[in-house]
Amino acid sequence: MATPLAPPLCFLLSPFSAVPESSRPAPLRPTLSINRRSALIGTAGLLAQPALVAPLHAKPLPPAPTVWPQALQVPGGVARLSLGPAATRPVAQVRQGEVDVPLRVVGDAIEWTAIVGIPLAAAPGDAFISVLPEGGGSPRLVYYSVAPKQYKEQHLKVSPRTVDLSPEDQARYERERDHQAQVMATFTEQPAGVALASLRMRVPVPGRRSSSFGLRRVFNGQPRNPHSGMDIAAATGTPIVAPLPGRVIDVGDYFFNGGTVWLDHGQGLLTMYCHLSSMDVRLGDVLQAGDAFCKVGATGRVTGPHLHWGVMLNRTMVDPALFL
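Presented here is a report on the structure given in the accompanying data block. (Residues numbered from 1 in each chain as written. Predicted model: local features only at pLDDT ≥ 70, side-chain atom pairs only at ≥ 80, totals over all residues. Heavy atoms only, no water.)

1. Notes on the overall build of the protein chain
Point 1. Scanning the protein chain from terminus to terminus reveals four helices and 21 strands.
Point 2. For the protein chain, buried positions account for 41% of its 324 residues.
Point 3. Counting only carbon and sulfur atoms, one obtains 57% of the accessible surface of the protein chain, whose full area is about 17500 Å². (Helix = DSSP H or I, 4+ residues; strand = E, 2+ residues; numbered from the N terminus. Buried < 20%, exposed > 50% of the residue type's maximum accessible area, 1.4 Å probe, protein only. Areas by Shrake-Rupley, 256 points an atom, 1.4 Å probe, with all protein chains shown as cover.)

So this is what it looks like as structure tokens:
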């Protein structure tokens, strides 16, 4: 399938601790007064008890299911930051421009963890989040480091009308950008009615990845914003399924994105689906993982059918591959 020649987005954005193994009682030692006959009888009795023999032949326990996105502290990546123990879930924020954006915090009273999306525009070096105290007062700062990452760059020669907008198209784009900003600010607790057992996602549609996250395209010598999603090439009409339980928070037809659906998975974790040929949901619909809700298309500014899939954390587009 052809790779899109225009920016696929219609807006611009200038380890959980393992559960401890069950403790096993230490085996009882025979007393020194026990005689040989008693010892043999006792041993035979132990061997005859299946419950005590079973551990000798038990299969290895399966590995614990992975519930986190992969941690990768680079621009466009995800940081997992321990906030320590607390009786109630802490409130954590990250500063973006002039706004304090709430963060997704998961865990329990033993240990809470903040899941932080790192903007593609983040500079390598030290960064921090703020944890608000329950009774008020100064926030506690939790620091982490952002490592550099060099994404690929693609230079293309295209018709100027493909990338230069008319005044009418520019006005439409700006209206849609403002609306999308409101959608991206969504922060709810449990939009599907239950807490997510895992943040790992299923691939929403089978197909070849036709464009990678972070790819920077340069059209006619003019650099554009990096690609902030994953493109999956598939035929028009191919069903797309929800990667996690969630609620539909936006359905629309946009200049760059074409047919678009946004899903809310709770606490600032959103997913976006663009260039759709069919949108079979309405605002407020609740989906379970695996529910088909739209179809692949080639609407908006694209040159061939594919799904543009975006994953957002704390109003920041991050690499969807980290959730697979």
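Okay, back to it.
2. A word on a nonpolar patch on the surface
Point 1. On the surface, Phe128, Leu141 and Tyr143 cluster together into a nonpolar patch covering about 310 Å² of accessible area.
Point 2. Structurally, the position occupied by Leu141 is in strand S7 (residues 140-146).
Point 3. Residue Leu141 is classed as partly exposed on the basis of its relative accessible area of 37%. (Patch = residues over 30% accessible without salt bridge, like charges linked within 9 Å, V, L, I, M, F, W, Y side chains within 5 Å. Salt bridge = Lys/Arg side-chain N within 4 Å of Asp/Glu carboxyl O.)

3. Some remarks on the pairing of strand S19 (residues 292-295)
Point 1. Taken together, the three bridges between strand S13 (residues 239-241) and S19 define a ladder with antiparallel strand orientation. Counterpart to Ile240 in the pairing with S19 is Cys294.
Point 2. Sheet topology places strand S17 (residues 278-279) next to S19; two bridges connect them, and they run antiparallel. Bridge assignment links Ser278 to a residue of S19, and that residue is Lys295. (Pairing = 2+ DSSP bridges.)

4. Things to note about the sheet that holds strand S5 (residues 111-117)
Point 1. Here we have three strands laid out as an open sheet, ordered S1-S5-S4, and antiparallel in their pairing. Whereas interior strands pair on both sides, the edge strands pair on one side only; in this sheet they are strand S1 (78-84) and strand S4 (104-108). Sheet twist, expressed as the average angle between the axes of neighbouring strands with direction ignored, equals 25 degrees.
Point 2. The pairing of S4 with S5 spans five bridges and is classified as antiparallel. Bridge pairing links Val106 to Thr113 in S5. (Axes fitted to C-alpha atoms, helices over the stretch in contact; angles between N-to-C directions.)

5. A look at the packing of aromatic side chains
Point 1. Scanning the entire structure with this criterion turns up five aromatic pairs.
Point 2. Where Tyr173 meets Phe256, the ring centres are 5.7 Å apart and the plane angle is 80 degrees; that geometry is what we call edge-to-face. Taken together, the residues span a long stretch of sequence, with Tyr173 in helix H4 (residues 167-184) and Phe256 in the loop between strand S14 (246-254) and strand S15 (258-264) at a distance of 83 residues.
Point 3. Among the residues examined, Tyr173 registers a relative accessible area of 6% and is labelled buried.
Point 4. Of the residues examined, Phe256 reaches a relative accessible area of 8% and is grouped as buried.
Point 5. Taken together, a centroid distance of 5.0 Å and an interplanar angle of 85 degrees make the contact between Tyr273 and Phe293 edge-to-face. A residue pair is termed long-range when its members are at least 10 positions apart, and Tyr273 in strand S16 (residues 270-276) and Phe293 in strand S19 qualify at 20 residues. Like Phe293, Tyr273 is buried.
Point 6. It is Lys149 that lies over the ring of Tyr151; its NZ or CZ is 5.1 Å from the centre. (Phe/Tyr/Trp six-rings, centres within 6.5 Å; stacked < 30°, edge-to-face > 60°. Lys NZ or Arg CZ within 6 Å of the ring centre and 35° of its normal.)

6. So, the pairing of strand S20 (residues 306-313)
Point 1. Judged by how many residues are buried, S20 sits mostly within the fold: eight of eight residues are covered.
Point 2. Side chains His306, His308, Gly310 and Met312 of S20 all project onto a buried face; the interleaved residues Leu307, Trp309, Val311 and Leu313 project onto the opposite face, where all are buried too.
Point 3. In this sheet, S20 lies alongside strand S12 (residues 230-233) in antiparallel orientation, the contact comprising four bridges. Residue Ala233 lies in a different strand from S20, and its bridge partner there is His306.
Point 4. Across five bridges, the pairing between S16 and S20 is antiparallel. Counterpart to Leu270 in the pairing with S20 is Met312.
Point 5. Bridging between S20 and strand S21 (residues 316-318) involves three bridges; their strand directions are antiparallel. Looking at S21, one finds that Met312 is bridged to Met317.

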